[in-house]
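Structural characterization, general
The chain contents come next:
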Amino acid sequence: MKTIYVDNAATTAMSDTAIKAMTPYLKDVYGNPSSLHTVGQVAKEALEDARVRFARLINADPKEIYFTSGGSEADNQAIRSAAANGLKKGKKHIVSTAFEHHAVLHTLKKLEKEGFEVTYLDVGGKGLVTAEQVEKAIRPDTALVSVMYANNEIGTIQPIRQIGDACKRLGVVFHTDAVQAVGHIPVDVKADNIDMLAVSAHKFHGPKGVGALYCRRGIPLNSFIEGGAQERNRRAGTENIAGIVSMTAALEEACAHMSDNASKLTKLRDRLIDGLLKIPHSRLNGDRQMRLPANVNMCFEGIEGEGLLLYLDAEGICASSGSACTSGSLDPSHVLLAIGLPHEIAHGSLRISLSENNTDEDIDAILQAVPKVVAKLRNMSPVWEALENGAKAHLI
Ligand SMILES: *Cc1c(COP(=O)(O)O)cnc(C)c1O
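Residues numbered from 1 in each chain as written. Predicted model: local features only at pLDDT ≥ 70, side-chain atom pairs only at ≥ 80, totals over all residues. Heavy atoms only, no water.

1. Comments concerning the sheet that holds strand β5 (residues 142-146)
What counts, and what does not: Pairing between strands is defined by DSSP: at least two bridges between them are needed. By the criteria applied, helices consist of DSSP H or I runs no shorter than four residues and strands consist of E runs no shorter than two, each listed in order from the N terminus. Between the N-to-C directions of two axes lies an angle of 0 to 180 degrees, each axis being a line fitted to C-alpha atoms and, for a helix, fitted only over the stretch in contact. Only heavy atoms enter the contact rule, under which two residues are in contact if any of them lie within 4.5 Å.
Strands sit in the order β2-β8-β7-β6-β5-β3-β4 across an open sheet of seven strands; the sheet is mixed. What marks the edges here is a single partner per strand, and that holds for β2 (65-68) and β4 (117-121). On average, each strand axis in the sheet is inclined to that of its neighbour by 20°, with strand direction left out of account. The sheet contact formed by strand β3 (residues 93-97) and β5 spans three bridges and is parallel. Bridging across to β5, His93 finds its partner in Thr142. Packed on one face of the sheet, helix α3 (residues 71-88) meets β2, β3, β5, β6 (173-177), β7 (196-200) and β8 (211-215) and runs near 165° to β7. Across the sheet, helix α6 (residues 160-170) lies against β5 and β6, angled at about 160° from β6, the strand it touches most.

2. A few points about the packing of aromatic side chains
Threshold: Think of it this way: a Phe, Tyr or Trp ring, Trp meaning its six-membered ring, pairs with another when their centres are within 6.5 Å, and the plane angle makes it stacked under 30 degrees, edge-to-face over 60, tilted otherwise. Three labels apply to residues, based on accessible area from a 1.4 Å probe with only protein chains included: buried if under 20% of the type maximum, exposed if over 50%, partly exposed otherwise in between.
The final tally for this structure, using the stated rule, is one aromatic pair. Their ring planes at 80° and their centres at 5.8 Å tell us that Phe54 and Phe67 sit as a pair that is edge-to-face. Placement of Phe54 in helix α2 (residues 38-57) and of Phe67 in strand β2 is noted, with a sequence separation of 13 residues between them. Like Phe54, the residue Phe67 is buried in the burial classification.

3. Digging into the nonpolar core
Operational definition: Among buried residues, the Ala, Val, Leu, Ile, Met, Phe, Trp, Tyr and Cys ones that are joined through side-chain atoms within 4.5 Å form a nonpolar core.
Counting residues in each nonpolar core, the largest one holds 65 residues, and the members touching the most others are Val145 and Leu197. With eight residues, helix α8 (residues 241-256) is the largest single contributor of residues to this core. Discounting residues that sit within four places of it in the chain, Val145 has contacts with Val95, Val134, Ile138, Ile163, Cys167, Val172, Val173, Phe174 and His175.

4. Describing the packing of α2 against α8
To keep it simple, the criterion reads: Orientation is classified from the angle alone, with under 35 degrees giving roughly parallel, over 145 giving roughly antiparallel, 65 to 115 giving roughly perpendicular, and any other angle giving oblique. The crossing is said to be left-handed when, going from far helix to near helix, the turn is anticlockwise and less than a right angle, and right-handed when the turn is clockwise.
Remark: α2 packs on α8, axes separated minimally by 9 Å, with the N-to-C direction vectors making an angle of 30°. Between α2 and α8, the angle falls in the class roughly parallel. Where α2 crosses over α8, the two elements pack in a sense that is left-handed. Taken together, the residues of α8 that come into contact with α2 (itself represented by Ala43, Ala46, Leu47, Ala50, Arg53, Phe54 and Leu57) are Ile241, Ile244, Val245, Met247, Thr248, Ala249, Leu251, Glu252 and Cys255.

5. Brief notes about the site of the ligand
What counts, and what does not: Being near a molecule or strand, for a residue, means having at least one of its heavy atoms within 4 Å of it. Side-chain atoms alone can form a polar contact between residues adjacent in sequence; in general such a contact is a pair of N or O atoms within 3.5 Å, and within protein one must be able to donate a hydrogen while the other accepts it. Per-residue and other accessible areas follow the Shrake-Rupley method at a 1.4 Å probe size, with only the shown protein chains counted as cover for residues. Side-chain classes follow a simple rule in which Ala, Val, Leu, Ile, Met, Phe, Trp, Tyr, Cys and Pro form the nonpolar group, Asp, Glu, Lys and Arg form the charged group, and the remainder, Gly included, forms the polar group.
Close to the ligand lie 13 residues, the nearest being Ser72, Asp177, Gln180, Ser200 and Lys203. Here Ser72 contributes a side-chain N or O atom positioned 2.7 Å from an oxygen atom of the ligand. Side-chain polar atom of His202 to an oxygen atom of the ligand: 2.9 Å apart, as the coordinates give it. Contact with the protein chains hides 87% of the accessible area of the ligand, taken as 370 Å² for the molecule alone. Of the residues forming the shell around the ligand, the biggest block, three residues, is contributed by α3. Within the shell around the ligand, the residues separate by chemical class into two nonpolar, eight polar and three charged.

6. Brief notes about the pattern of salt bridges
To be explicit about the condition: Salt bridge criterion: a side-chain nitrogen from Lys or Arg within 4 Å of a carboxyl oxygen from Asp or Glu.
Tallied over the entire structure, the rule returns 23 salt bridges. Between Arg80 and Glu114 there is a salt bridge, and its shortest N-O distance comes to 2.9 Å. Residue Arg80 is located in helix α3, and its partner Glu114 is located in the loop between α4 (102-113) and β4; the two are separated by 34 residues in the primary sequence. Among the residues examined, Arg80 registers a relative accessible area of 25% and is labelled partly exposed. Judged by relative accessible area, Glu114 falls into the partly exposed class, the value being 46%. The salt bridge involving Glu315 is made with Lys372; its shortest N-O contact spans 3.2 Å. Of this pair, Glu315 sits in the loop between α10 (305-314) and β11 (317-318) while Lys372 sits in helix α13 (residues 360-380), and the two are 57 residues apart along the sequence.

7. Quick word on the pairing of β3
To keep things clear, this is the line we draw: When the strands point away from the viewer and the connection leading from the first strand across the helix to the second strand turns clockwise, the crossover is called right-handed.
The element β3 is extensively covered by neighbouring structure, given that five of its five residues are classed as buried. Between the parallel pair β3 and β4, the chain is carried across by α4, and the sense of this crossover is right-handed.

8. Some thoughts on the pairing of β7
A large share of β7 lies buried, amounting to five of its five residues. Side chains Met196, Ala198 and Ser200 project from β7 onto one buried face, and the interleaved Leu197 and Val199 project onto a second face that is buried too. Relative to β7, β6 runs parallel, the two sharing three bridges. When the sheet's bridge partners are listed, Thr176 is paired in β7 with Leu197. As defined by bridge partners, β7 adjoins β8 across five bridges and the pair is classed as antiparallel.

In structure tokens form, the structure reads like this:
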């Protein structure tokens, strides 16, 4: 049976380009860039070449790029650093949203325990914040605004340029978790007025365990990992040269094909959404227009997302449910709750995140399998029975 992988918001398969770019740095160019001899200096050159090329792809200066172990580390460092530097000026307030990735949310929760006050903006039923909301929430003691570029569960794209403008005007540091955006939609840190931005390679067909933090010149950046003087004293640890070179090659490829990929994906996505909406008592989560080209997120009333996933997996379809909590508890997704869905609806969610490797045949197979599995689960569900015999009212 063919595997249909549609969980690309969780991670992607590495591209041939990314694997090819990485190989010499696993084998021949093994030097430590901090070594003064030739073997080290060859590695150093590769590192700095990657930095120049990487920076160009988001319109940054190479000196504004700090390579990290991934998106989570970049988010943690950006937020921690902005908070610590705000605190020095007596600023203890942060503005963010209710549906950030846990790399941001859990860092903010910790800062709250340490005495910071965080305003979590309402993302409304469509999963979008506005620049006006951000502007209204900013106070004289606001140290940081952190709003994600695009949401990893429901795919909604935030008005980052307008938020960046507002932050610039009001003199507040602006961080964005752009892990789902970079490589997928155009990101320009200068035009968007972004001060700090997190990237992760494995979301655009690069390797896992490598990412980057962009930090605008003039914005102080504290080190998060102590040790050597790598990354201009901001990130200790011998650099992951193979990963960094590979990430850069993957991003170059993603950016070169971005508009072609986006139009192909948008077609697949829209066919999938229209087909899945034909299932009775289903809904699309997140705004339909301001949406990543590869994201579909649906809820089906009367079923559990986990059951849906397991049955789809048995049919060779690897998708995701926003409702499963990694801790094993049955808490529904904080993102679906943030857009106002009641618990019982949020539990029945399905996220399908496509990549350019997916085909029309994949969409056909998904459109065959999902209605069948939803019907099967509903037949076994006492909740569905109650909905159908009128003992409970339908919510969608
Ligand atoms: C995947 C993801 C991260 C975490 O990136 P890692 O490289 O896996 O640490 C952070 N934010 C968003 C929005 C993501 O999708």
